[in-house]
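Survey of secondary and tertiary structure
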Amino acid sequence: MEINPISVLHEYCQKKKEANPKFHASCAVGEDKKVLYQISLTVQKKLYGPVCAPSKSKAKTGVAVLACNDLKLYHTAGKQVQKPNKSTAKTDLNIITQLYEYCQQQKWLNAKVELVREEGEPHDRTYALRYTLGGREFPVGAGKNKDSAKQRAAARALSELKEAPLRVFLKHDISFGVTVCEYAWEAFGILCEELGESSDFCQTSQLACFLLENLEDGTFRVVGLGSGNGVASPEWQACKGESVIDCHSVVIARRCLLVFLYEQLIKLFSSSEEENIFQFAPAPYLASLKPQYQIHLYLKEAPCGDASLVDATAVKVEKKYNELAPHDHEKVYNESKKFGLVKNKASANIVSCTDKILLWNVLGVQGNLLSNFIPKISISSITVSRHYNASSLARAFCCRYGNSIHHPWIQHGIIEGVEKSNNTGHEKSWAIYWTHGPMDLKEDFEDLVKNAGILNSQTGTHVKGSNRYQEIPIICKRNIYLKYKKLCSMTKQKYRDEYSYSYTKNLCPQYKLDKNSFFMRLETLELGRFPIIDSNVDKFWLDDGDTNKNCKKY
Ligand SMILES: [Zn+2]
Ligand SMILES: [Zn+2]
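Note that the structure is predicted; figures quoted are calculated from it, not measured.

Structural notes on the overall build of the protein chain
Scanning the protein chain from terminus to terminus reveals 14 helices and 20 strands. Over its C-alpha atoms the protein chain spans a radius of gyration of 24 Å, differing by no more than 12% from the 24 Å that the globule rule assigns to 554 residues. Taking the principal axes of the C-alpha coordinates as reference, the protein chain spans close to 70 × 70 × 55 Å. Contacts in the protein chain between residues far apart in sequence, at least 24 positions, make up 66% of those at least 6 positions apart.

Below, the structure written as structure tokens:
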């Protein structure tokens, strides 16, 4: 059995009733411009390290080993589930040649590339460049040196000129799917360590993550993370919006994303626009996602519902489509009366995760309340590790609905350890959530517990004895409604205490209209209906006084 040195230190401190071990991170650029993470550690006021490693978790484990050895604590030097080997991505040099060839064909003279920004400490500088071609300015590309910034700017220009996804022009030695997968598991690995859970638990958990990509410099950030696959039993469902009813990993992760979006909007109205993913937008909206940001979804396996059903007659095309660009969907889509139907979650009156993703691909992932403030946000790509089947996923996520839907980039992405693992980690019926929340966009991934909780998926409330026991979950409807209220007061939008959550949910006329036509179209296509949820679930008010006796206000 594996004994993780970081968990050992946490246990040791708890037993000794000492403060938890504290990691201190600083990022250093090593030789060959490779990023090295430098981490030191304080245990019982004694400082260990620093230790440098190419990934944060390796550096953390390394320095924990120093402390364990010094304190004579037994461990097995924590073999991590993730194999982080990123940041070595090399862009295809050819991209600049390709761009110049394109310009020659167009007979564009005076192609120009200029430095638009240069920032950061001398050892950690970022350069931002932009092409001007045929009299038109193209999006900025940024990087740690001028060459990589130039390559990214060229790729972004080509992607606009050829109206194709940026991915097509970025050739990395690590595939995009693997990159997404690595980020997801690294974040979950750090969270499990901080929660004192074994890496075995981590590996066997169901996992879903939302990631934010900055197209300008190619950086990724996990912004919402969820594990779990249970549903709260009926007596816990109408709990004044305080319990989380649907605890399937992707639904949890999406609520974490919503909290992050609210926090960003609140920041936009209280501090500078520069460090925000949003920018102010013309009416009827208040803000919109800046064009350099995209949202990606990672799923450990094909979600429940139609996506997990495989049409045997379509399997032979699979191998070719480890990456499925939107314009290739029609090549793998196989319409069949047997597949594509709306499904419920096992033994619950709640729609499957696949059908929720279908809905997000039509209406956007931001949902009803946020639609009062921002335009639709689409999920750019969906990465699946296990049970990846391009034709099933394309059918289930978008193609069965026809053309008036966003077809995301779909891809396979896997790292060592994920393929073998089953989902026994959820025998405990736990659902773990973590939201980026109000964290700064450049902040290090540590102290994740601050914005995380462990739910008992049978009750939708925090697990007894866990860090937030007796608090209401950060991601429950009530808290999300509270953030909505806060945003309304900051932006002088109408909000009234006498409106219930379910009433407010229907206030955005466009969203309501679009949702109705979504349901009507499903009927026309004979795909079935979404179940009707108990109306008491959403019937709660923010000023309704005494909250459930099991929960306390957050
Ligand atoms: Zn599900
Ligand atoms: Zn499609």
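Okay, back to it.
Some details on the pairing of strand β9 (residues 219-226)
Burial runs high along β9: six of the eight residues are buried. Direction of pairing for strand β8 (residues 208-214) relative to β9: antiparallel, over a ladder of seven bridges. Looking across to β9, one finds that leucine 212 is bridged to arginine 221.

Here's the deal with the packing of helix α3 (residues 94-106) against helix α4 (residues 146-161)
Direction vectors running N to C along α3 and α4 enclose 45 degrees, while the axes themselves pass 9 Å from each other. Taken together, the axes of α3 and α4 lie oblique to each other. α3 and α4 meet at a crossing whose hand is left-handed. Residues Ile95, Ile96, Gln98, Leu99 and Tyr102 of α3 form the contact with α4, whose own contacting residues are Lys150, Gln151, Ala154, Ala155, Ala157, Leu158 and Leu161. A breakdown of the residues in the contact of α3 with α4 according to their chemical character gives nine nonpolar, two polar and one charged.

Things to note about unusual backbone geometry
Proline 50 follows glycine 49 through a cis peptide bond whose omega is 5 degrees. Relative to the assigned elements, proline 50 resides in strand β3 (residues 46-53). In this structure, the amide linkage connecting alanine 283 to the following residue, proline 284, adopts the cis form with an omega of 5 degrees. Structurally, proline 284 can be placed in the loop between β12 (278-280) and β13 (287-289). Even without a glycine there, the phi angle at lysine 72 is positive, about 55 degrees. Along the chain, lysine 72 falls in the loop between α2 (56-70) and α3. Here the phi dihedral of lysine 492 falls at roughly 55 degrees; this positive angle occurs in a residue that is not glycine. With respect to the helices and strands, lysine 492 occurs in the loop between α12 (477-491) and α13 (501-505). For lysine 492, a count of 7 C-beta atoms within 10 Å puts it in the exposed group.

As for helix α11 (residues 390-397)
Each turn of an α-helix holds 3.6 residues, which means side chains three or four residues apart point in the same direction. With eight of eight residues buried, α11 lies mostly within the body of the structure. If you check which residues of α11 are buried, you get Ala390, Ser391, Ser392, Leu393, Ala394, Arg395, Ala396 and Phe397.

Quick word on the domain arrangement of the protein chain
Assigned domains of the protein chain: these are domain 1 (5-70), domain 2 (94-169) and domain 3 (176-538). Here the C-alpha centre of domain 2 lies 39 Å away from the C-alpha centre of domain 1.

Focus on the sheet that holds strand β14 (residues 293-301)
Spatially, nine strands are ordered β15-β17-β16-β14-β8-β9-β18-β19-β20 in an open sheet, and the strand pairing comes out mixed. If you trace the sheet from one side to the other, it starts and ends with β15 (323-324) and β20 (461-462), each paired once. Strand direction decides the pairing type here: β9 and strand β18 (residues 430-435), joined by three bridges, are antiparallel. Looking at β18, one finds that glycine 226 is bridged to tyrosine 433. On top of the sheet, helix α5 (residues 176-194) reaches β8, β9, β14, β15, β16 (379-386), β17 (409-412), β18 and β19 (452-456); it is set at about 55 degrees to β9, its chief contact. Relative to the sheet, helix α7 (residues 249-268) contacts β8, β9, β14 and β18, its axis offset from that of β9 by approximately 120 degrees.

Observations concerning the confidence of the model for the protein chain
A low pLDDT means the predicted coordinates there should not be read in detail. Of the residues in the protein chain, 91% reach a pLDDT of 70 or more, and the chain-wide mean stands at 87. Least confident of the elements in the protein chain is strand β1 (residues 22-29), whose mean pLDDT is 74; most confident is helix α9 (residues 353-363), at 98. Predicted confidence for residues 547-554 stays below pLDDT 50, and this span has 19 contacts to residues more than four positions away or in other chains.

Some points on the packing of α7 against α12
Any two packed helices are characterised by how steeply their axes cross, that is the angle between the axes, and by the distance between the axes. Contact pair α7 / α12: the axes reach a minimum separation of 10 Å and the direction vectors enclose 20 degrees. One way to sum up the angle between α7 and α12 is to call them roughly parallel. Every pair of crossing elements has a handedness; the one defined by α7 and α12 is left-handed. Side by side, α7 and α12 meet where Leu258, Val259, Tyr262, Leu265 and Ile266 of the first sit next to Ile480, Lys483, Lys486, Leu487 and Met490 of the second. Classifying every residue of the contact of α7 with α12 gives eight nonpolar, no polar and two charged.

Some points on the nonpolar core
Core analysis: the biggest nonpolar cluster contains 107 residues, and Ala184, Leu191, Cys209, Leu225, Cys256, Phe397 and Tyr433 have the highest contact counts within it. If you tally residues by element for this core, the top one is α7, at 13 residues. Residues within four places of tyrosine 433 in sequence aside, it is in contact with Leu225, Gly226, Ile252, Cys256, Ala452, Gly453, Leu455 and Ile475. Counting 21 residues, the second largest nonpolar core, distinct from the first, contains Leu99, Val113, Ala128 and Leu158.

Some points on α12
For α12, built from 15 residues, the straight-helix expectation of 21 Å at 1.5 Å per residue is met to within 8% by its first-to-last C-alpha distance of 21 Å. Of all the residues in α12, the buried ones are Lys477, Arg478, Asn479, Ile480, Tyr481, Tyr484 and Leu487. Buried residues in α12 make contact with α7, α10 (367-370) and α13. One or two residues past the end of α12 sits lysine 492, with phi positive at roughly 55 degrees.

Some thoughts on the environment of glutamate 118
Assignment of secondary structure puts glutamate 118 in strand β4 (residues 112-119). When the C-alpha positions of glutamate 118 and valine 362 are compared, they lie 39 Å apart, and in sequence the two are 244 residues distant. Each residue touching glutamate 118, except ones within four places of it in the same chain, is listed here: Arg125 and Tyr127.

Looking at the pairing of β4
The sheet contact formed by β4 and strand β5 (residues 126-133) spans seven bridges and is antiparallel. Residue valine 113 lies in a different strand from β5, and its bridge partner there is tyrosine 131. With antiparallel pairing between neighbouring strands as the criterion, β4 and β5 make up a hairpin whose turn holds six residues, including glycine 120 at a positive phi of roughly 100 degrees.

Remarks on the environment of glutamate 193
For glutamate 193, the location among the structural elements is in helix α5. Taking the C-alpha atoms as reference, glutamate 193 lies 6.6 Å from isoleucine 6; in sequence the two are 187 residues apart. Among all residues touching glutamate 193, those that are not within four sequence positions of it are Asn4, Ile6 and Ser7.

Reading the values: rules and limits
Residues numbered from 1 in each chain as written. Chains lettered and ligands numbered in written order. Predicted model: local features only at pLDDT ≥ 70, side-chain atom pairs only at ≥ 80, totals over all residues. Helix = DSSP H or I, 4+ residues; strand = E, 2+ residues; numbered from the N terminus. Rg over C-alpha atoms; globule rule 2.2 N^0.38 Å. Contact = placed C-beta atoms within 7 Å. Buried ≥ 20, exposed ≤ 12 C-beta atoms within 10 Å, placed from the backbone. Pairing = 2+ DSSP bridges. Axes fitted to C-alpha atoms, helices over the stretch in contact; angles between N-to-C directions. Parallel < 35°, antiparallel > 145°, perpendicular 65-115°, else oblique. Left-handed = near helix turned anticlockwise from the far one by under 90°. Nonpolar A, V, L, I, M, F, W, Y, C, P; charged D, E, K, R; others polar. Domains from an automatic or database assignment. pLDDT = per-residue confidence, 0-100. Core = buried A, V, L, I, M, F, W, Y, C linked by C-beta atoms within 7 Å. Expected span 1.5 Å × (residues − 1).

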